Amino acid sequence: MRIALGSDHAGYDLKTLLKSTLVAWGHDVLDLGTTSATEPVDYPDFGAAVGRAVVSGDAELGVACCGTGIGVAMAANKVPGVRAAVVHDVTTGHLAREHNHANVLCMGGRLLGSVEAIESLEAWLNAKPQARHEVRIEKLRKLDIELANEEK
Ligand code: RB5
């Protein structure tokens, strides 16, 4: 599977770890930056870039990291069609995909240890979006359309 990755400086080390993990698992990764843990950058740029890559079809899923995962999730969720979830353990990773059909996984490099992060990623990737939740996902899609029309 092709997976887009992005982070700010605070999520860079975690992104690097997750990138090598995904490659080792046989995935094709699209790394959208940043490229350093020491050069401060702005998380909205990278959360949005990951969201856009998923919605455009450049990637099937996205992973975004910042200090907490919160900022990149806020940015990614501004992109219509994105369902970004902040995840911090196996349970939230699994449920974000199974119930919420999360297409972008967000995690905090300053909060999660390596093992927790990799296990959360694995739980999210291995979970199957459940069809019984599709009615709610369709409501999220409708909100994207309604809100875009209200802005016009
Ligand atoms: C950067 O210092 C930090 O604020 C950012 O990575 C993130 O945690 C925001 O949500």
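Notes on the structure follow. (Residues numbered from 1 in each chain as written. Predicted model: local features only at pLDDT ≥ 70, side-chain atom pairs only at ≥ 80, totals over all residues. Heavy atoms only, no water.)

### Digging into the environment of Leu14
Applied cut-off: A run of H or I in DSSP becomes a helix once it reaches four residues, and a run of E becomes a strand once it reaches two; helices and strands are each numbered from the N terminus. Note on exposure labels: buried denotes an accessible area under 20% of the residue type's maximum, exposed denotes more than 50%, and partly exposed covers the range between, all computed with a 1.4 Å probe on protein chains only. What makes two residues a contact is simply this: any of their non-hydrogen atoms within 4.5 Å.
Within the fold, Leu14 resides in helix 1 (residues 12-24). Judged by its relative accessible area of 7%, Leu14 is buried. Along the backbone, Leu14 and Gly109 are 95 residues apart, and their C-alpha atoms lie at a distance of 5.3 Å. Apart from the residues lying within four places of it in its own chain, the contact partners of Leu14 are Cys65, Met107, Gly108, Gly109 and Ala117.

### Regarding the packing of helix 1 against helix 5 (residues 114-126)
What counts here: For helices, the fitted line uses only the C-alpha atoms of the stretch in contact; every axis is such a line through C-alpha atoms, and the angle between N-to-C directions lies from 0 to 180 degrees. Here the word oblique covers every angle except those under 35 degrees (roughly parallel), over 145 (roughly antiparallel) and from 65 to 115 (roughly perpendicular). Handedness of a helix crossing follows the sense of rotation of the near helix relative to the far helix, less than a right angle counterclockwise being left-handed and clockwise being right-handed. Basically, the charged four are Asp, Glu, Lys and Arg, the nonpolar ten are Ala, Val, Leu, Ile, Met, Phe, Trp, Tyr, Cys and Pro, and anything else, Gly included, counts as polar.
In the contact formed by helix 1 and helix 5, the axes pass within 11 Å of each other and the chain directions differ by 50°. In this view, helix 1 runs oblique relative to helix 5, as classed from their interaxial angle. As for the relative orientation of helix 1 and helix 5, their crossing is right-handed in sense. Of the residues in helix 5, those in contact with Leu14, Leu17, Leu18, Thr21 and Leu22 of helix 1 are Ser114, Ala117, Ile118, Leu121 and Leu125. A per-class count over the contact of helix 1 with helix 5 returns 8 nonpolar, 2 polar and no charged.

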